Every structure is written in structure tokens, then in C-alpha cells.
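Below are the chains, spelled out letter by letter.
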Amino acid sequence: MPGDNFHELAAFVAVAEEQSFTRAATKLGVSQSALSQTVRGLEARLDIRLLTRTTRRVAPTEAGERLLRTVAPRFEEINAELTALTELRDKPAGTVRITATENAAEAVLWPALKKLLPNYPDIKVEIIIDYGLTDVVAERVDAGVRFGEQVAKDMIAVRIGPDIRMAVVGSPAYFAKHPPPRTPQDLTTHECINLRLPTHGLYAWEFEKNGRNLRVRVEGQLIFNTAALLLNAAAAGFGLAYLTEQQVQRHLDSGELIRVLATWCPPFTGYHLYYPSRRQPTPAFALLVDALRYRATPEQTQRRRSA
């Protein structure tokens with residue numbers, strides 16, 4: 001067995017270097033008799049004497065010297081690598097790749113990274129902006145970010161953000177020419193700015209009220225595959241946009257955008273980090289997950305219970 005070979009060789013190297021079964025046994029933390037038996041077993045298997053034993057000292061034979069020169073440096077390399085791995089545990093390092101949407105990266109990932117990374121210069125993080133429901137296993141990324149309801153059941157999901165609400169918004173200039181929609185169905189008569197998802201086509205706007213769920217396919221002149229352009233077009237008066245509250249809040253506060261259909265947009269489970277359940281997290285990845293983990297304030301918890 002490879003494990004037996006390693007154990008026997010380690011025992012031989014310790015005795016040959018210490019030139020004493022007593023000192024080698026103390027170094028390895030085993031009994032002298034067990035160590036002697038292990039070395040004899042190696043000699044019997046190789047059918048050659050490796051150590052010359054006298055009452056005063058133990059010395060390698062010619063064959064033992066040859067084996068020691070060959071094996072000892074390998075054990076030093078192994079010990080050095082094990083030490084390096086221990087240092088990695090104490091000082092996380094390596095690259096972590098995460099796929100996420102623009103909003104998730106800006107609202108959740110970046111704030112956490114700004115606090116974490118200055119303290120861990122050996123950790124590198126790559127953020128890949130992607131609106132598709134990325135298969136992190138197939139794409140060989142460490143983790144992805146999705147809304148909680150979108151995470152596959154076979155994945156580990158860690159909540160990294162609060163509940164989210166969507167918002168339908170338009171500019172004052174747009175509403176000067178078009179009456180505000182009163183129901184989601186009214187959107188079919190409006191100029192709407194579409195978002196194209198890589199694997200799912202045009203995104204259908206989702207609404208809910210009093211237990212009634214609606215998905216509305218909207219139309220308009222513009223289609224984008226990034227939320228930033230969608231927001232800019234809405235602010236410029238080209239139509240209505242469907243974005244998260246966080247993305248539009250600044251524009252609502254300034255009056256650049258006006259919100260409609262708010263009662264049709266209840267909160268839902270926010271962003272989650274997801275990754276395969278079978279993966280063994282590296283120290284760097286585990287540290288990042290802990291930094292991203294969402295910890296609700298007492299006020300947020302109370303609001304969620306009251307909702």
C-alpha cells in the first residue's frame with residue numbers, strides 16, 4: 001500500500017538522520033519498539049539491510065545511504081509544502097471568480113470587497129457581469145449571484161442581501177405625453193425599454209397583488225442587455241423601465257424619474273451567493289462568503305415579519 005510505504009520510509013529517514021532509534025522515536029512520537037519493527041519491515045520487503053545496528057550507534061549501510069540521499073530531500077519538500085498550506089490557511093490567498101449582474105455587483109459585492117480586500121492582499125477576485133442564469137460548474141467559476149428563488153436546489157445558497165422590490169419608472173417628460181399606467185396590463189399601450197437576457201430572450205416584467213401574479217411582455221423601440229443603458233434611456237424620456245428600487249432610488253429622489261405601479265411590486269427574497277454543494281471551499285473563498293453573508297438589522301427583521 002502507498003500509505004505503508006510512506007510510513008516505512010519516514011521511519012527509516014528519521015532513524016538514519018538521528019542515528020538513534022531512541023531519538024527518532026521521540027521525534028516521531030512512537031515507541032522505540034514500534035519504530036524498530038517498522039524499519040525491519042521495510043528491510044524485509046526490500047530484501048536488503050539499510051541500517052547497521054550496534055549497542056552504541058545506528059548508521060546507514062551503503063544501500064541505506066543511497067536511499068537516504070534519494071528520499072530525504074523529498075520528505076523535506078513535502079514538509080515545506082505542508083507548511084505552506086498551513087500558511088495559506090492562516091493567510092488566505094488565491095483567486096475567486098464570481099458571476100453576477102451589474103446591480104448585484106455594485107449593490108452587494110463591491111461594498112463587501114472594499115472592506116475585505118485591503119486586509120488580504122493575496123486574495124484576488126474576478127467579477128464577471130452576466131445576466132444569464134449561469135451554470136457555475138460548466139463555466140468553471142467559483143460562485144454566482146441570483147435572487148433566492150432562482151437558485152437550483154442542488155446548490156448551497158447563502159443570503160448576501162436584503163429583500164428587494166422592483167420599480168416601474170419613467171421620466172417627467174415621458175409622463176407629460178403619456179398617462180401613467182394604472183394596472184400592469186396598461187403597459188401594453190406604453191413605450192417600454194426591454195432587457196434581453198442571454199439565455200431567456202426578452203425579460204417579462206413580473207407583478208403581484210393580492211395573491212395575483214402577472215407576467216407582462218412589453219414592447220418599445222429600445223432593447224438593451226445591460227441595466228445601466230436601460231436606466232439612462234428611461235431618464236432621457238424614451239420609455240418606461242423595470243429595475244430594482246436600489247438602481248432607481250437616486251433618480252427618484254432627484255425627480256429625474258417617477259414611479260408607477262408601486263402596489264404591484266411587493267418585496268421578494270434578495271440576492272444569494274450560490275455554489276456547488278460538493279466543492280471544498282478554499283480559505284479565501286470561505287473568507288469571502290463570510291464577508292458577504294447578509295446579517296439583517298433588528299429593524300429589517302421586524303419589517304420583514306410585519307410584511
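Cut-offs and rules
Residues numbered from 1 in each chain as written. Predicted model: local features only at pLDDT ≥ 70, side-chain atom pairs only at ≥ 80, totals over all residues. Heavy atoms only, no water. Salt bridge = Lys/Arg side-chain N within 4 Å of Asp/Glu carboxyl O. Helix = DSSP H or I, 4+ residues; strand = E, 2+ residues; numbered from the N terminus. Buried < 20%, exposed > 50% of the residue type's maximum accessible area, 1.4 Å probe, protein only. Arc of directions from axis to C-beta. Contact = heavy atoms within 4.5 Å. Pairing = 2+ DSSP bridges.

## Overview of the pattern of salt bridges
Piece 1. Applying the stated rule across the entire model yields eleven salt bridges.
Piece 2. Close ionic contact of Glu43 with Arg53 constitutes a salt bridge, the shortest N to O distance being 3.1 Å. Note that Glu43 is positioned in helix H3 (residues 32–46) and Arg53 in strand E1 (residues 51–53), a separation of ten residues in sequence.
Piece 3. Connected via shared salt-bridge partners are Glu17, Glu18, Arg23 and Lys27.

## Some points on helix H9 (residues 283–292)
Side chains of residues three or four places apart in an α-helix project in the same direction, reflecting 3.6 residues per turn.
Piece 1. For H9, the set of buried residues is Ala284, Phe285, Leu288, Val289 and Leu292. Across the axial projection of H9, the buried residues extend over an arc of 135°, all falling on one side.
Piece 2. Those residues of H9 that are buried are in contact with strand E3 (94–100), helix H5 (102–116), strand E4 (123–129), strand E5 (143–147), strand E6 (155–159) and strand E15 (271–276).

## Considerations on the pairing of strand E7 (residues 166–170)
Piece 1. E7 sits mainly inside the fold: five of its five residues count as buried.
Piece 2. Where burial is concerned, the two faces of E7 agree: the one with Met166, Val168 and Gly170 and the one with Ala167 and Val169 are both buried.
Piece 3. Sheet topology note: the E7/strand E13 (residues 241–244) ladder contains four bridges and is antiparallel. Pairing of Met166 across the sheet is with Thr244, part of E13.

## Focus on the environment of Val15
Piece 1. Following the sequence through the fold, Val15 ends up in helix H1 (residues 2–18).
Piece 2. Of the residues examined, Val15 reaches a relative accessible area of 0% and is grouped as buried.
Piece 3. In this structure, the C-alpha to C-alpha distance between Val15 and Leu35, residues 20 residues apart in sequence, is 8.6 Å.

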